[in-house]
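The primary structure of each chain is shown beneath.
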Amino acid sequence: MSTDTLFHRITDYAHRADPYPLYAELRENGVARQEDGSYLVGTYHEIAALLHDPRISSDVRHLTDPGDALLRVGDLPPSFIGLDDPEHDRQRRIVMRPFGPPHSPGRIDALHGDITRIARELIDAFRGKDRIDLVDDFAYPLPVTVICGLLGVPREDVPHVRAWTNAVIAGLDFTPGTDPQRRRRAAGEARTAMAHYLEELAGSRRGHPSGDLLSALVNDAGPEGQLTTPELMTNAVLLLIAGHETTVNLITNGMLTFLRHPDVLARLRDEPELMPSAVEELLRYEPPVQLLPQRTPLTDVEVGGITVPRGAPLVLVLAAGNRDPLRFADPDRFDPARQDNQHFGFGSGIHNCFGAPLARIEARIALTELLRHLDTPRLVEDPPPYRRSPVLRGPRHLLVDRVGGG
Amino acid sequence: MQIVVDLNRCQGYAQCVFLAPRVFELHGEEALMYAPAVPGEQHEHVRRAAAACPVQAILVGEPAGDGAAPSGAGGPADAGPSSGAGGGRAGVDGR
């Protein structure tokens, strides 16, 4: 059995700006046991099979080191992202009821006007500035405003949400040498504070619905009934954090990619109808979620000729699968019109991103409006400074100079 | 515009229902219903839905000779219209 240090190197912040050579190495090596006992998978077809394999558990209570459970809130039960069926299915259905089909099919589509208005307000606010930070001035405030509005978080509370979220995301930093106890504690406290805040907010809507998701979750009930209070708290935290963190990176990675490919940028200006397919290609080429670090085989499972033993941490490197030459022709090329693009940008299988439709609409509108209103944008530094996390990967800042334009 | 959904491929992710709720509909939890002839004001929604389908099961066909026909000849080799889904039109494109 070979051991490797690839996971160590991938999580090393020094490789954050360009992890793709490491992913190529991973695909060539095949499935390999890492020095910490985990198994890394980076080839498309193997990842696809594992994402659809009921023997591979997402239940965070199976983790060897549950202290690292993503988005786990104190003593509360896991949210549905950290559960297996049938419990995952029950909770996801309940939360889907006010969000999407079959019960609320038009809800996300109806946000089109609001999202466009928010994007234009943000763009108006930096008119006249020669230099903008695309993250702080646009890519962050847009999805935060959208998800807070959708859930029912009042605008004046958004700064609290930002502070809590930053602490939670900092807890996902696996960089060797950082103090895991300290970041876990800070992240745990932030998740708990957020959960109690959302519980209180939802409670205030009981009997006083105001048209948002929290109101629906405490006032309406489908065939599955309602979430218990602990379930409501833990899932509301999930929706709030996952509902914007990743979209920030999708928008920022999008502009960065366009600025690095001026031909693509020019083409998208001429053919805005290409943007939906360009967003899909971004999800393949620079996915906001690079890897899924928290799956566990419930039995010995053979993957790519290697037996991954029951209970071993299994890390699915989605971003490596997205560039597998056995699945995608010319995978390192950014092609906004790529056909047959079944990427892992939103995962696959039963845990396929809950918020994918919202993220798609936000990214499409955000990038379309930016291209429409930013004349001759120029990248100030390449690569830009990155955020710490190797899981939720994206620039911390993206400075863009505007030459001319209004 | 005509559409065909390859129901052998469809896995009920429902992304099309989110993006084009007037064209695609879930019947119960998983069965997909859709209107094969798409009215003009829904074309853009349908193109978005086709791009977003996680299993690329939506085939969008423009009338032959229409200048707005999607570029790129044909989709994945195994994405032909399924029997019973009403497809097989000339100009159908796996986009």
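These figures come from a predicted structure and were not determined experimentally.

**Regarding the overall build of chain B**
- For chain B, the count of helices and strands is two helices and five strands.
- Out of the 95 residues belonging to chain B, those deemed buried represent 47%.
- Considering only residue pairs separated by 6 or more positions, chain B has 62% of its internal contacts joining residues 24 or more positions apart.
- As displayed, chain B offers around 4,400 Å² of accessible surface, 50% of which is attributable to carbon and sulfur atoms.

**So, the pattern of salt bridges**
Residue and element names in this part refer to chain A.
- Taken as a whole and judged by the stated rule, the model has 28 salt bridges over all chains.
- When the shortest N-O distance is used, the salt bridge between R127 and D124 registers 3.0 Å.
- D340 is the partner of R327 in a salt bridge, and the nearest nitrogen-oxygen pair spans 3.2 Å. Taken together, the residues span a long stretch of sequence, with R327 in the loop between α15 (318-321) and α16 (356-373) and D340 in the loop between α15 and α16 at a distance of 13 residues.
- Residue classification places D340 among the partly exposed residues on the basis of a relative accessible area of 23%.
- Residues joined in a network through salt bridges with shared partners are E87, R90 and E231.

**Notes on the sheet that holds strand β11 (residues 399-402) of chain A**
All names here are of chain A.
- Here three strands make up an open sheet; going across it, the order is β5-β11-β10 and the pairing antiparallel. In this open sheet, the two edge strands, each paired with only one partner strand, are β5 (131-133) and β10 (377-379). Each strand axis lies, on average, 35° off the axis of its neighbour in the sheet, ignoring direction.
- Here three bridges tie β5 to β11, and the two strands are oriented antiparallel to one another. Residue D133 lies in a different strand from β11, and its bridge partner there is L399.

**Comments concerning the packing of helix α14 (residues 275-285) of chain A against α16 of chain A**
Residues and elements named next belong to chain A.
- Here α14 crosses α16 at 115°, and the two axes come no closer than 10 Å. In terms of their interaxial angle, α14 and α16 are classed as roughly perpendicular. The hand of the α14/α16 crossing is right-handed. In contact with M275, P276, V279, E280 and L282 of α14, α16 contributes R360, A363, R364, L367, T368 and L371.

**Examining the environment of S210 of chain A**
Residues and elements named next belong to chain A.
- Tracing the sequence through the fold places S210 in the loop between α9 (180-205) and α10 (213-219).
- With residues near it in sequence (within four places) discarded, S210 still touches R205 and S215.
- A distance of 3.4 Å separates a polar atom in the side chain of S210 from a polar atom in the side chain of R205.

**What about the interface of chain A and chain B?**
- With 28 residues of chain A at the contact, the number on the chain B side is 24 residues.
- Both faces combined, the contact of chain A with chain B buries some 2,100 Å², and carbon together with sulfur accounts for 54% of it.
- Applying the counting criterion to the chain A and chain B interface returns zero salt bridges.
- Inspection of the chain A/chain B interface yields six residue pairs in polar contact (both at pLDDT 80 or more).
- Ranked by the residues each element gives to the side of chain A that touches chain B, the list is headed by α16 of chain A, at five residues.
- Each residue belonging to the side of chain A that touches chain B can be placed in one class, and the counts come to ten nonpolar, eleven polar and seven charged.

**Describing empty space enclosed by the protein**
Residue and element names in this part refer to chain A.
- With the rule as written, the count across this model stands at six cavities of 30 Å³ or more.
- Contributing to the lining of the largest cavity are 49 residues, with I81, A242, T246, V289 and C353 lying nearest its centre.
- At the level of elements, α7 (141-151), α11 (229-242), α12 (245-260), β6 (292-297) and α16 are the ones that each hand at least two residues to the lining of the largest cavity.
- A class-by-class count of the residues in the lining of the largest cavity yields 33 nonpolar, twelve polar and four charged.

**Here's the deal with the packing of aromatic side chains**
Residues and elements named next belong to chain A.
- In total, this model carries eleven aromatic pairs over all chains according to the counting rule given.
- Between the NZ or CZ atom of R327 and the centre of the ring of F328, over which it lies, the distance is 5.0 Å.
- Between the NZ or CZ atom of R388 and the centre of the ring of Y13, over which it lies, the distance is 4.2 Å.

**Quick notes on helix α2 (residues 20-29) of chain A**
All names here are of chain A.
- Considered for burial, the residues of α2 that qualify are Y20, L22, Y23, L26 and R27. Looking straight down α2, one finds that the buried residues subtend no more than 150° of arc, so they occupy a single side.
- After α2 finishes, the residue G30 shows a positive phi value of roughly 80°.

**Describing helix α5 (residues 112-125) of chain A**
Residues and elements named next belong to chain A.
- The end-to-end C-alpha separation of α5 is 20 Å, in line with the 20 Å expected for 14 residues at 1.5 Å each.
- Of all the residues in α5, the buried ones are I115, T116, I118, A119, L122 and I123. With its buried residues spanning 165° around the axis, α5 presents them on a single face.

**A closer look at the pairing of strand β3 (residues 31-34) of chain B**
Residue and element names in this part refer to chain B.
- Burial of the side chains of β3 is restricted to one face: L32 and Y34 are buried, whereas none of A31 and M33 on the reverse face is.
- As judged from the four bridges shared by strand β2 (residues 24-27) and β3, these two strands associate in the antiparallel manner. Each residue of the ladder has a partner; that of H27, found in β3, is A31.
- Counting the residues in the hairpin turn of β2 and β3 gives three residues, including G28, whose phi is positive at 75°.

**Overview of the packing of α7 of chain A against α16 of chain A**
Residue and element names in this part refer to chain A.
- Put simply, α7 and α16 touch, their axes get as near as 11 Å, and they point 140° apart. The angle between α7 and α16 places the two elements in the oblique class. In the packing of α7 onto α16, the handedness of the crossing is right-handed. Taking contact as the criterion, the partners of L142, P143, V146, I147 and L150 in α7 are, on α16, L358, E362 and A366.

**A closer look at the environment of G222 of chain A**
Residues and elements named next belong to chain A.
- By the secondary structure assignment, G222 is in the loop between α10 and α11.
- What makes G222 buried here is its relative accessible area of 18%.
- For the pair G222 and R97, spaced 125 residues apart in sequence, the C-alpha to C-alpha distance is 7.5 Å.

So, how was this worked out
- Residues numbered from 1 in each chain as written.
- Chains lettered and ligands numbered in written order.
- Predicted model: local features only at pLDDT ≥ 70, side-chain atom pairs only at ≥ 80, totals over all residues.
- Heavy atoms only, no water.
- Helix = DSSP H or I, 4+ residues; strand = E, 2+ residues; numbered from the N terminus.
- Buried < 20%, exposed > 50% of the residue type's maximum accessible area, 1.4 Å probe, protein only.
- Contact = heavy atoms within 4.5 Å.
- Areas by Shrake-Rupley, 256 points an atom, 1.4 Å probe, with all protein chains shown as cover.
- Salt bridge = Lys/Arg side-chain N within 4 Å of Asp/Glu carboxyl O.
- Pairing = 2+ DSSP bridges.
- Axes fitted to C-alpha atoms, helices over the stretch in contact; angles between N-to-C directions.
- Parallel < 35°, antiparallel > 145°, perpendicular 65-115°, else oblique.
- Left-handed = near helix turned anticlockwise from the far one by under 90°.
- Polar contact = N/O pair within 3.5 Å; in protein donor to acceptor, adjacent residues only side chain to side chain.
- Buried area = accessible area lost by both parts, 1.4 Å probe.
- Nonpolar A, V, L, I, M, F, W, Y, C, P; charged D, E, K, R; others polar.
- 1 Å grid on protein atoms, 1.4 Å probe; cavity = no way out; pocket = protein on both sides within 12 Å on 5 of 7 lines; lining within 4 Å.
- Points joined across faces, edges and corners; volume = space filled by probe spheres on them.
- Phe/Tyr/Trp six-rings, centres within 6.5 Å; stacked < 30°, edge-to-face > 60°.
- Lys NZ or Arg CZ within 6 Å of the ring centre and 35° of its normal.
- Arc of directions from axis to C-beta.
- Expected span 1.5 Å × (residues − 1).

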